[in-house]
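Coordinate inspection notes
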Amino acid sequence: EADIYQTPRYLVIGTGKKITLECSQTMGHDKMYWYQQDPGMELHLIHYSYGVNSTEKGDLSSESTVSRIRTEHFPLTLESARPSHTSQYLCASGTWNEQFFGPGTRLTVL
Amino acid sequence: KQEVTQIPAALSVPEGENLVLNCSFTDSAIYNLQWFRQDPGKGLTSLLLIQSSQREQTSGRLNASLDKSSGRSTLYIAASQPGDSATYLCAVRPNSGGSNYKLTFGKGTLLTVNP
């Protein structure tokens, strides 16, 4: 079954640690996205990719970085986590017409 | 800059009631509008997608309408059930070439259906 996966689902980590949030999709979509969502707030686009080796920053400034070496994989990395990075991170993939979302990663930085 | 507003922010209804959620957007130059459902701590599930040329879409007990010229969409839920309790988000996709990938989301309506 075609789907989009995110791991870990929950992560609690100390300040200064390097973390990578994983996102994979089996739908063969060229386009993938990372959103950040604080409780009760809108989703904000932080990164997107049109395809392999294509990444761009979104509307919301983020200290995270992304890579797209394979079509199905779009990991997000924070080199040095800070409490201000505490949030929910949602990955999506899709076509020009529609986006499909993963279950999200809830990140807490202490 | 596109802005999406959802009213009400929260809604509590008894089971079995029909209800309407509202979404308005400031720029009518949209490609499509998508309604999502989000359960607490979870990702988004797509409910209905309305293309700019369409007036409404239906799926089961859900019906979404779109009035592009007035910048409004409604999500109608018939015979609500406790399992419908969730946050409902609407998002618009612009009809502007290079920015077509950028969805603009509302803050959502938190729906609680009481048994």
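Structure: above.
This report concerns the structure included in the present document.

Each value, and the rule that gives it
- Residues numbered from 1 in each chain as written.
- Chains lettered and ligands numbered in written order.
- Predicted model: local features only at pLDDT ≥ 70, side-chain atom pairs only at ≥ 80, totals over all residues.
- Heavy atoms only, no water.
- Helix = DSSP H or I, 4+ residues; strand = E, 2+ residues; numbered from the N terminus.
- Rg over C-alpha atoms; globule rule 2.2 N^0.38 Å.
- Contact = heavy atoms within 4.5 Å.
- Areas by Shrake-Rupley, 256 points an atom, 1.4 Å probe, with all protein chains shown as cover.
- Lys, Arg positive; Asp, Glu negative; His and termini not counted.
- Charge placed at Lys NZ, Arg CZ, Asp CG, Glu CD.
- Buried < 20%, exposed > 50% of the residue type's maximum accessible area, 1.4 Å probe, protein only.
- Phe/Tyr/Trp six-rings, centres within 6.5 Å; stacked < 30°, edge-to-face > 60°.
- Polar contact = N/O pair within 3.5 Å; in protein donor to acceptor, adjacent residues only side chain to side chain.
- Disulfide = S-S within 2.5 Å.

**Structural notes on the overall build of chain B**
The number of helices and strands found in chain B is 0 helices and 11 strands. The helix and strand sequence of chain B, counted from the amino end, reads β-β-β-β-β-β-β-β-β-β-β. The C-alpha radius of gyration computed for chain B amounts to 14 Å, which stays within 12% of the reference 13 Å derived for 115 residues, consistent with globular compactness. Its C-alpha atoms put chain B at 45 × 30 × 20 Å along the principal axes. Counted over contacts in chain B with a minimum sequence separation of 6, partners at least 24 positions apart contribute 54%. Accessible surface for chain B amounts to roughly 5300 Å². Of this, 48% is attributable to carbon and sulfur atoms. Counting 10 positive and 8 negative side-chain charges, chain B places the averaged centre of each group 8 Å from the other.

**So, the overall build of chain A**
Tallying secondary structure elements over chain A gives 0 helices and 11 strands in all. Walking chain A from its N terminus toward its C terminus, one meets helices and strands in the order β-β-β-β-β-β-β-β-β-β-β. Taking 110 residues into account, the globule formula puts the C-alpha radius of gyration at 13 Å, and chain A, at 13 Å, falls close to it. Counting only C-alpha atoms, chain A reaches 35 × 30 × 30 Å along its principal axes. Of all 110 residues assigned to chain A, the portion counted as buried reaches 49%. For chain A, the share of sequence-separated contacts (at least 6 apart) that also reach a separation of at least 24 residues comes to 54%. Surface summary for chain A: the accessible area is close to 5200 Å², and the carbon and sulfur share equals 53%. Charge centroids of chain A, computed over 9 positive and 12 negative side chains, lie 8 Å from each other.

**Observations concerning the packing of aromatic side chains**
In this structure the tally under the stated criterion is 7 aromatic pairs over all chains. Between Phe 101 of chain A and Phe 36 of chain B, the ring centres sit 5.4 Å apart and the planes meet at 85°, which makes this aromatic pair edge-to-face. Taken together, the positions of Phe 101 of chain A in strand 10 (residues 99-101) and Phe 36 of chain B in strand 4 (residues 30-38) put the pair across two chains. The exposure classification of Phe 101 of chain A matches that of Phe 36 of chain B, with both residues buried.

**Observations regarding the side chain of Gln 25 of chain A**
Residues and elements named next belong to chain A. Relative to the helices and strands, Gln 25 resides in strand 3 (residues 19-25). Residue Gln 25 is classed as buried on the basis of its relative accessible area of 2%. Engagement of the side chain of Gln 25 in a polar contact is seen with the backbone nitrogen of Met 27, the distance being 3.0 Å. Residue contacts for Gln 25: discarding those within four places in its chain leaves Asp 3, Ile 4, Met 32, Arg 68, Thr 71, Glu 72 and Ser 93.

**Brief notes about the state of the cysteines**
Throughout the structure, instances matching the rule amount to 2 disulfides over all chains. Covalently, Cys 23 of chain A is tied to Cys 91 of chain A through a disulfide, its sulfur atoms 1.9 Å apart. What sets the handedness of the Cys 23 of chain A and Cys 91 of chain A disulfide is the S-S torsion sign, and at about -75° it is left-handed. Taken together, the residues span a long stretch of sequence, with Cys 23 of chain A in strand 3 and Cys 91 of chain A in strand 9 (residues 87-94) at a distance of 68 residues. Judged by its relative accessible area of 0%, Cys 23 of chain A is buried. Here Cys 23 of chain B is linked by a disulfide to Cys 90 of chain B, with a sulfur-sulfur distance of 1.9 Å. An S-S torsion of about 70° defines the bridge between Cys 23 of chain B and Cys 90 of chain B as right-handed. Residue Cys 23 of chain B is located in strand 3 (residues 19-25), and its partner Cys 90 of chain B is located in strand 9 (residues 86-94); the two are separated by 67 residues in the primary sequence. Accessibility classification places Cys 23 of chain B together with Cys 90 of chain B in one group, the buried group.

**Some points on the environment of Leu 90 of chain A**
For Leu 90 of chain A, the position within the fold is in strand 9. By relative accessible area, Leu 90 of chain A is classed as buried at 0%.

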